[in-house]
Amino acid sequence: MTAAYLPADGGLDDRVPFLARLESEDRAALLALGHELAFAPRVILLHQREPSSHVLFVLTGWTKVTASAANGYEALLALRGPGDVIGESAALTGRPRSATVTALEPVRAVAVEHERFTGLLGRSPAISFALLGLASDRTRAADRRRLEFASMAVRERFAVLLLDLARTHGRRTEEGIELTVPLSKQELAGSVGASREMVQRLLKELRERGAVVTGRRTLLITRPDVLRLIARAGQPAVDGRRTGTAD
């Protein structure tokens, strides 16, 4: 495990995918229970509110996890990629799926019927503990993000989101950092608890400052230093001063 995956408390980072947490023998045994599927970009892998019949283990490609409220408001909950498990919560609880998962690019995944999945968990404490550890790490990360966001205005939360996406899903080009995941304004808005109109205004402001260039579901970050300055404005003060220094 590389240092990038080791947080301050010595545990695993929530970004470490499930399959990477398993020994090779356990990983092979798990994947042998299912069959491989291929999904084209924009194809839905799992539908929110549908009954659970199987769990997916992503081999290649990236997906987005979104959830819709009764009033139609849609939020981006997470991005899941190679090594990640999808649909495990519904399989374990027997409840309908809580979110929709959509392919952002060509995706290959192994589908395992949830009876086989839960049966293996019952026979393998190592796999069960790995899944429990993943759930715990994701919960801790979500709690940290909620606490961080609670102290920020929408403008600052949006800057943090773009910086996170640049770090995890950015490709450097001569013009700047291009986000490799196509996300709508509504999905970006749902990630920071804002309206689509607010995100449109923020993107307009960032374009005017030369920080981003936008297209249809495309976003190029040309001035990450501007985003960092905005994000730092929402960080807790230390001895009466904001953390960080200007670039």
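Structural notes, computed from the coordinates. (Residues numbered from 1 in each chain as written. Predicted model: local features only at pLDDT ≥ 70, side-chain atom pairs only at ≥ 80, totals over all residues. Heavy atoms only, no water.)

### Considering the overall build of the chain
Moving on, step 1. Within the chain one finds eight helices and 14 strands.
Moving on, step 2. Looking at the chain residue by residue over its 247 residues, the buried ones come to 43%.
Moving on, step 3. Long-range pairs, those at least 24 residues apart, make up 65% of the contacts in the chain between residues at least 6 apart in sequence.
Moving on, step 4. Working note: accessible area of the chain is about 13300 Å², and carbon and sulfur atoms make up 54% of it. (Helix = DSSP H or I, 4+ residues; strand = E, 2+ residues; numbered from the N terminus. Buried < 20%, exposed > 50% of the residue type's maximum accessible area, 1.4 Å probe, protein only. Contact = heavy atoms within 4.5 Å. Areas by Shrake-Rupley, 256 points an atom, 1.4 Å probe, with all protein chains shown as cover.)

### Observations concerning the nonpolar core
The nonpolar side chains of soluble globular proteins are, as a tendency, buried together.
Moving on, step 1. Core analysis: the largest hydrophobic core is formed by 34 residues, its most contacted members being Phe-158, Leu-206 and Ile-221.
Moving on, step 2. Secondary structure elements with two or more residues in this core: strand 5 (74–80), helix 5 (154–169), strand 10 (177–179), helix 6 (185–191), helix 7 (196–208), strand 12 (218–221) and helix 8 (224–232).
Moving on, step 3. Counting residues per element, this core draws most heavily on helix 5, at nine residues.
Moving on, step 4. In this structure Leu-206 touches Phe-158, Leu-162, Ala-211, Val-212, Leu-227 and Ile-230, once residues within four positions along its chain are discounted.
Moving on, step 5. In terms of nonpolar packing, the next biggest core, distinct from the first, is built from 17 residues, Leu-19, Leu-30, Val-55 and Leu-134 among them. (Core = buried A, V, L, I, M, F, W, Y, C linked by side-chain atoms within 4.5 Å.)

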